[in-house]
Amino acid sequence: MTIDRHLVLRTYAQAAHTAHDTLTALDQLSGDGDFGDNLREGLDRVVSALAARPAEPPFAVAAEVFLNEVGGTSGPLLGLLFQEIAGALAAGDDRAAWARGVREGLAAIQRVGEAEPGDRTMVDALVPARDALEAGKDLRDVALAALAGARATAALRARRGRASYVGERAVGSADPGAMGVALLFWSLARAQDRSPGELTDFLGTTHEPGQDPAPDRKTPAHQG
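Please read these numbers as outputs of a predicted model, since none were measured by experiment. (Residues numbered from 1 in each chain as written. Predicted model: local features only at pLDDT ≥ 70, side-chain atom pairs only at ≥ 80, totals over all residues. Heavy atoms only, no water.)

Notes on the side chain of S187
Selection criterion: The way it works is that DSSP assigns letters per residue, a run of H or I at least four long becomes a helix, a run of E at least two long becomes a strand, and they are numbered from the N terminus. Think of a polar contact as two N or O atoms within 3.5 Å of one another; within protein, one of them needs to be a possible hydrogen donor and the other a possible acceptor, and neighboring residues in sequence only count if both atoms come from side chains. Two residues form a contact once any of their heavy atoms are found within 4.5 Å.
Locating S187 in the fold gives a position in helix 9 (residues 176–191). A distance of 3.4 Å separates a polar side-chain atom of S187 from the backbone nitrogen of Y12. At a separation of 2.8 Å, a polar atom in the side chain of S187 contacts the main-chain carbonyl oxygen of L183. With near-sequence residues (within four places) excluded, S187 lies in contact with V8, T11, Y12 and A15.

Structural notes on the packing of aromatic side chains
The line we're drawing: The rule is short: rings of Phe, Tyr and Trp, with Trp giving its six-membered ring, pair when the centres are within 6.5 Å, and they are stacked under 30 degrees, edge-to-face over 60, tilted in between. Categorising residues by exposure relies on relative accessible area from a 1.4 Å probe, with only protein chains included: less than 20% of the type maximum marks a residue as buried, more than 50% marks it as exposed, and the intermediate range marks it as partly exposed.
The full count for this structure, using the stated rule, is three aromatic pairs. Ring plane angle 85 degrees and centroid distance 5.7 Å describe the contact between F59 and W98, whose orientation is recorded as edge-to-face. Within this pair, whereas F59 is found in helix 4 (residues 58–68), its partner W98 is found in helix 6 (residues 95–113), the two being separated by 39 residues in sequence. Residue classification places F59 among the buried positions, given a relative accessible area of 2%. Residue W98 is classed as buried on the basis of its relative accessible area of 3%. Geometrically, the ring pair formed by F66 and F82 is edge-to-face, given 5.2 Å between the ring centres and 85 degrees between the ring planes. Linking F66 in helix 4 with F82 in helix 5 (residues 74–89), this pair joins segments that are 16 residues apart in sequence. Of the two residues examined, F66 and F82, each falls in the buried class. Here the aromatic cluster, defined as three or more aromatic residues joined through ring pairs, consists of F59, F66, F82 and W98.

Considerations on helix 4
Residues P58, F59, V61, A62, A63, V65 and F66 constitute the buried set of helix 4. Among the structural elements, helix 1 (5–18), helix 3 (35–52), helix 5 and helix 6 are those in contact with the buried residues of helix 4.

Description of the confidence of the model for the protein chain
Where we set the bar: The pLDDT value tells you how sure the predictor is about a given residue, anywhere from 0 up to 100.
Per-chain confidence: the protein chain averages 86 in pLDDT, with 83% of residues scoring 70 or above. Averaged pLDDT values for the elements of the protein chain fall to 83 in helix 10 (residues 199–203) and rise to 98 in helix 4. Note on residues 207–224: pLDDT is under 50 here. Beyond four places in sequence and across chains, it has 37 contacts.

Comments concerning the nonpolar core
Applied cut-off: Residues belong to one nonpolar core when they are buried, are Ala, Val, Leu, Ile, Met, Phe, Trp, Tyr or Cys, and are joined through side-chain atoms within 4.5 Å.
Counting 70 residues, the largest nonpolar core has L39, F59, F66, L78, F82, L126 and F185 as the members making the most contacts within it. Looking at this core element by element, the count peaks at 11 residues for helix 9. With sequence-adjacent residues up to four places away left out, F185 is seen in contact with V102, L126, A129, L133, V142, A143 and A146.

Spelled out as structure tokens, the structure:
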């Protein structure tokens, strides 16, 4: 399973632009509202760095950018995920390497953030994605598993991260970090022509029935 890693990250950057308003609205309910900005701007920096350093391992470059330049709670955590993916892919580009990278990235995030499944964090999207990869599922199904995990956070009360300080206010809307992780796996599938639909359809409902949906205004895609 050879995947164009540059394409994955460029696609992720475009997705972050399209999903920016939705992610921002979700984070305004559960955090300080900057997750959409941080993800979009961080990935823009990654795309620029890759253009300047095309021979370097793409996910290693992404890790460096997110660990050193991207703020917020989620920036360094995504940097850890990228770092472990880069390390696993250095030894090969097969499904086992991707699965190992996601598994070890999840473990690193849990060591630092101490989050468990059900805490309403990006872990809730990473765990089902890891399980689907390790089970040998198609990348389309991996992305859908991550999305299902992210959407399920709408029913959870946060026990970790900034969202844990806002009580019930965020219940009914998906965790923005989990949705951001689901976008990564949508981008991975998209890069292999295994996309589970257009991005706006993939984002779909990020709230529970009866709750007001987060805005989903489409912004122009970044063209890296």
